[in-house]
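Per-entry structural report
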Amino acid sequence: MITVLIVDDHPVFRQGLRGLLGVMDIEVVGEAADGQEAVALAAELQPDVVVMDLQMPGGNGIEATRTIIRTSPRIGVLVLTMFRDDDSVFAAMRAGARGYLLKEAGAEEIARAVNAVAAGEAIYGPEIARRVLAYFTGMPDPSRTAFPELTEREREVLGLVAQGRGNGEIAGILSLSGKTVRNHVSNIFMKLQVADRAQAIVRAREAGLGGSP
């Protein structure tokens, strides 16, 4: 059975991820709330995979990943975070992370990524894979060049709408209030000149937004 150390500063998220992985026959051997604790527990427990958030008090995930890989090269690090910007993605890669998923990823996608990282493979979520490919080929990422009239946050919300997610779920994923999400959705409809959610989803998916639910 694959063993995992979960690193995230939100106890509720850690608890949910522990339950999800347990159903997938993946054993969670420990939990850490910050980077320093992650380094100590990784050295002690020697899990197959560390599922790592990036922004935490007490040492960020990038530095923790770099230290863990340097001291225990056999351990694979899978980043699971809300941050999708290029700086975060490539900093994690340079630190030695084998995988990078967004927290909106589905249960099966997370379990598949844990198994892949444990096997020594590199794995990235669909949106992250497009960015990596665009970076190395010099081709623009269509999901980033589409809808220039939208702010970065509105583009994030539209991507989640394109996955079929409701406002409440989007609020949870992005740590926003329901009212803020509703305002973003209204602004998106106005800027894209669409009448409803269905039309927005069609436009978003045609532009490459939405990834995997």
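The rules behind these values
Residues numbered from 1 in each chain as written. Predicted model: local features only at pLDDT ≥ 70, side-chain atom pairs only at ≥ 80, totals over all residues. Heavy atoms only, no water. Pairing = 2+ DSSP bridges. Helix = DSSP H or I, 4+ residues; strand = E, 2+ residues; numbered from the N terminus. Contact = heavy atoms within 4.5 Å. Axes fitted to C-alpha atoms, helices over the stretch in contact; angles between N-to-C directions. Buried < 20%, exposed > 50% of the residue type's maximum accessible area, 1.4 Å probe, protein only. Right-handed = clockwise from strand over helix to strand, strands pointing away. Phe/Tyr/Trp six-rings, centres within 6.5 Å; stacked < 30°, edge-to-face > 60°. Lys NZ or Arg CZ within 6 Å of the ring centre and 35° of its normal. Core = buried A, V, L, I, M, F, W, Y, C linked by side-chain atoms within 4.5 Å. UniProt positions renumbered as here; feature names shortened; annotations may be inferred. Parallel < 35°, antiparallel > 145°, perpendicular 65-115°, else oblique. Left-handed = near helix turned anticlockwise from the far one by under 90°. Nonpolar A, V, L, I, M, F, W, Y, C, P; charged D, E, K, R; others polar.

The chain goes by Response regulator in an unreviewed UniProt entry, where it is assigned to Streptosporangium amethystogenes subsp. fukuiense.

1. Concerning the sheet that holds strand E3 (residues 49-52)
Taken in spatial order, the 6 strands of this open sheet run E2-E1-E3-E4-E5-E6, and their pairing is parallel. The open sheet terminates on both sides in strands that have one partner only, identified here as strand E2 (27-32) and strand E6 (123-124). Bridge analysis of strand E1 (residues 3-7) against E2 gives 5 bridges, and the strand direction is parallel. Note on E2: the bridge partner recorded for Val-4 is Val-28. The sheet strands contacting helix H1 (residues 11-23) are E1, E2, E3 and strand E4 (76-81), and the helix crosses E2 at an angle near 170°. Its contacts with the sheet place helix H2 (residues 35-45) against E1, E2 and E3, and it is angled at close to 145° to E2.

2. So, the pairing of strand E5 (residues 99-102)
Residues Gly-99 and Leu-101 line one face of E5 and the alternating positions Tyr-100 and Leu-102 line the opposite face, and both faces are buried. Pairing of E4 with E5 involves 4 bridges; the strand directions are parallel. Considered in E5, the bridge of Thr-81 is made with Leu-102. You can see the chain leave E4, run along helix H4 (residues 86-95) and come back into E5, and the turn it takes is right-handed. Bridging between E5 and E6 involves 2 bridges; their strand directions are parallel. Looking across to E6, one finds that Gly-99 is bridged to Ile-123. Taken together, E5, helix H5 (residues 107-118) and E6 form a β-α-β motif whose crossover is left-handed.

3. Some remarks on the packing of aromatic side chains
As enumerated under the stated definition, the model contains 0 aromatic pairs in all. In this structure, Lys-103 is placed above the aromatic ring of Phe-13, and the distance from its NZ or CZ to the ring centre is 4.3 Å.

4. Points about the nonpolar core
Counting residues in hydrophobic clusters, the biggest one holds 26 residues, and the most contacted among them are Val-7, Val-50, Met-52, Ile-68 and Tyr-100. Top contributing element to this core by residue count: H4, with 5 residues. In this structure, Ile-68 is in contact with Ala-38, Val-39, Ala-42, Val-50, Met-52, Pro-73, Ile-75 and Val-77, ignoring residues within four places of it in sequence. In this structure, Leu-160, Ala-171, Ile-188 and Leu-192 belong to the second largest nonpolar core, which totals 23 residues.

5. A word on the UniProt feature "domain: Response regulatory" (unreviewed entry) in the chain
With numbering aligned to this structure, UniProt lists the feature "domain: Response regulatory" (unreviewed entry) at residues 3-118. Helix makes up 49% of residues 3-118 and strand 22%. Its end C-alpha atoms lie 9 Å apart.

6. With respect to the packing of helix H9 (residues 167-174) against helix H10 (residues 178-192)
Here H9 crosses H10 at 110°, and the two axes come no closer than 9 Å. In terms of orientation, H9 lies roughly perpendicular with respect to H10. Handedness of the H9/H10 crossing: right-handed. Residues Asn-167, Ile-170 and Ala-171 of H9 lie in contact with H10, whose contacting residues are Gly-178, Val-181, Arg-182 and Val-185. Each residue belonging to the contact of H9 with H10 can be placed in one class, and the counts come to 4 nonpolar, 2 polar and 1 charged.

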